Amino acid sequence: MASAAIFSSLGWRRSPSLEAFLAPVDLSDVALVQTLVSVTAEIVSSFSDKLFYFQRRNSRSLVRKVEVFLVLLESLNDSPGSTLPWTAVICLKELYLLLYRSKILLDYCAQSSKLWLLLQHHPISGHFHDLNQEISTLLDVFPIDEVELGEDVREQIELLQRQARRARLLIDEADEELRIQLFSFLHEFEEGREPNSDDVWVFFDQGLGIRDTKSCRHEIEFLEEQIVNHEGDVEPTVSVPGRRKKKEIK
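Conventions used here
- Residues numbered from 1 in each chain as written.
- Predicted model: local features only at pLDDT ≥ 70, side-chain atom pairs only at ≥ 80, totals over all residues.
- Heavy atoms only, no water.
- Helix = DSSP H or I, 4+ residues; strand = E, 2+ residues; numbered from the N terminus.
- Buried < 20%, exposed > 50% of the residue type's maximum accessible area, 1.4 Å probe, protein only.
- Contact = heavy atoms within 4.5 Å.
- Areas by Shrake-Rupley, 256 points an atom, 1.4 Å probe, with all protein chains shown as cover.
- Core = buried A, V, L, I, M, F, W, Y, C linked by side-chain atoms within 4.5 Å.
- Phe/Tyr/Trp six-rings, centres within 6.5 Å; stacked < 30°, edge-to-face > 60°.
- Lys NZ or Arg CZ within 6 Å of the ring centre and 35° of its normal.
- Salt bridge = Lys/Arg side-chain N within 4 Å of Asp/Glu carboxyl O.
- Polar contact = N/O pair within 3.5 Å; in protein donor to acceptor, adjacent residues only side chain to side chain.

Visitor: Give a detailed account of the overall build of the protein, specifying residues and quantitative values.
Guide: For the protein, the count of helices and strands is 10 helices and zero strands. The order of α-helices and β-strands along the protein, N terminus first, is α-α-α-α-α-α-α-α-α-α. Residues classed as buried in the protein amount to 45% of the 250 residues present. Put simply, 81% of the contacts in the protein that link residues at least 6 apart link residues at least 24 apart. Approximately 13400 Å² of the protein is accessible, and the part contributed by carbon and sulfur atoms is 51%.

Visitor: Tell me what's going on with the nonpolar core, and back it up with residues and numbers.
Guide: When a protein is soluble and globular, its nonpolar side chains tend to lie buried together. Residues Phe69, Leu76, Leu84, Leu92, Leu106, Phe142 and Phe203 are the most contacted members of the largest nonpolar core, which totals 60 residues. Those elements that provide at least two residues to this core are helix 2 (29-47), helix 3 (56-77), helix 4 (86-111), helix 5 (114-119), helix 6 (121-141), helix 7 (151-166) and helix 8 (173-190). Examining the composition of this core, we find that 14 residues originate from one element, helix 4, more than from any other. What phenylalanine 69 contacts, discounting residues up to four positions off in sequence, is Thr40, Leu95, Ile135, Leu138, Leu139 and Leu160.

Visitor: Got a sec to walk through the packing of aromatic side chains? Specific residues and values, please.
Guide: Enumeration according to the criterion identifies five aromatic pairs in this entry. Taken together, a centroid distance of 5.2 Å and an interplanar angle of 55° make the contact between tyrosine 96 and tyrosine 100 tilted. One end of the pair is tyrosine 96 and the other is tyrosine 100, both in helix 4 and four residues apart, which spans about a single turn. Tyrosine 100 matches tyrosine 96 in its accessibility class, with the two residues each being buried. Arranged with centres 5.2 Å apart and planes meeting at 90°, the rings of phenylalanine 203 and phenylalanine 204 form a pair that is edge-to-face. The buried category is assigned to phenylalanine 203, whose relative accessible area is 2%. Clustering of aromatic rings is evident, with ring pairs tying together Phe185, Phe203 and Phe204. Here lysine 114 stacks its cationic end above the ring of tyrosine 53, 4.0 Å away from the centre of that ring.

Visitor: Please provide a residue-by-residue account of the pattern of salt bridges, values included.
Guide: As enumerated under the stated definition, the model contains nine salt bridges in all. Residue aspartate 175 is joined to arginine 56 by a salt bridge in which the shortest nitrogen-to-oxygen separation is 3.7 Å. Here arginine 56 lies in helix 3 and aspartate 175 lies in helix 8, a separation of 119 residues in the sequence. Looking at aspartate 175, the relative accessible area reads 1%, which means it is buried.

Visitor: Please provide a residue-by-residue account of the side chain of serine 125, values included.
Guide: When you line up the elements, serine 125 lands in helix 6. Given a relative accessible area of 1%, serine 125 falls into the buried group. A polar side-chain atom of serine 125 sits 3.0 Å from a polar atom in the side chain of glutamine 55. If we ignore the near neighbours within four places in the chain, the residues touching serine 125 are Gln55, Asn58, Leu169, Leu170 and Ile171.

Visitor: Tell me what's going on with the side chain of serine 75, and back it up with residues and numbers.
Guide: Here serine 75 lies in helix 3. Looking at serine 75, the relative accessible area reads 14%, which means it is buried. Apart from the residues lying within four places of it in its own chain, the contact partners of serine 75 are Glu148, Leu149, Gly150 and Val153.

Visitor: If you had to explain unusual backbone geometry to someone new, which residues and values would you point to?
Guide: It is generally the case that most residues other than glycine have a negative phi and that most peptide bonds are trans. Even without a glycine there, the phi angle at glutamine 55 is positive, about 55°. By secondary structure assignment, the location of glutamine 55 is in the loop between helix 2 and helix 3. Residue classification places glutamine 55 among the buried residues on the basis of a relative accessible area of 2%.

Treat this as a map of the structure, not an account of what it does.
Rendered as C-alpha cells:
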C-alpha cells in the first residue's frame, strides 16, 4: 500500500488517521458519495493553488486527477435517486482510501524540508507513481457505462483513464540535477575537501531558496527529527556524477 510505504520509508512526522487505512462500511450510497465529495473538495481546495518547491509536476498531476474525480462525484451526488451498482460502490470505497493517501503524500511534499525532499527524491517519485497505478486500476474496473453521467463528465473520466494508463515514473529533471549536486558536495566532504563556496552558496540560495536564519533552522530541525525517526539509518538512493543512469522524463 502506498500509504504504509510513505510512513515506513519516509518517516512521516505525524501518525496518520484511521481514514488512511479503513474504507467506510456502514454508509449508504448517498452518504458515501457525499463523504467523497467532501474529502475530494478539501484536497482540491488545499492544494490546487499550492506552490510545491519540489515534486511540482508529480504534485500537479495528482491534484488534476483529484479534480476530475471531484467532477465525477459531484455528478453522482446530483443524481441521488439513481442506484449505484455494487461494483461502483466497491470502487468508490477504494477511491476513499486513494484520496487519503493522496492527501498524505501532498501534505508530505508541502511540509517537508527541501533538503529532505531532495534526499528522498526517488522514493517520493515512486510513491506518486504507485498512486497513479492504483488510480489507473480503479478506473479500469469502474463501471462507467452502468452509472448515470453527463457526456462531458464521461469524456473527462475516459480521458483520465487513458492518461493514467500511459503514465510512467516521473523523475523531475531539475530536481534530479540538484540532488546530484547535493551528493557531489557530500562526496567532497567525505574526501576531506571543501566544496567551492560559491557553488554551495548558489545551491542553497538559488537552488533551495534557503536565504535566512528561519529557513536554516527549519531545515536543521526537520533533518534532526528524521534522523531520530530513522534511528540514524538514513540511506537515500545515491547517484553520483559519472554513474548516473538515464531516467524517464515526462
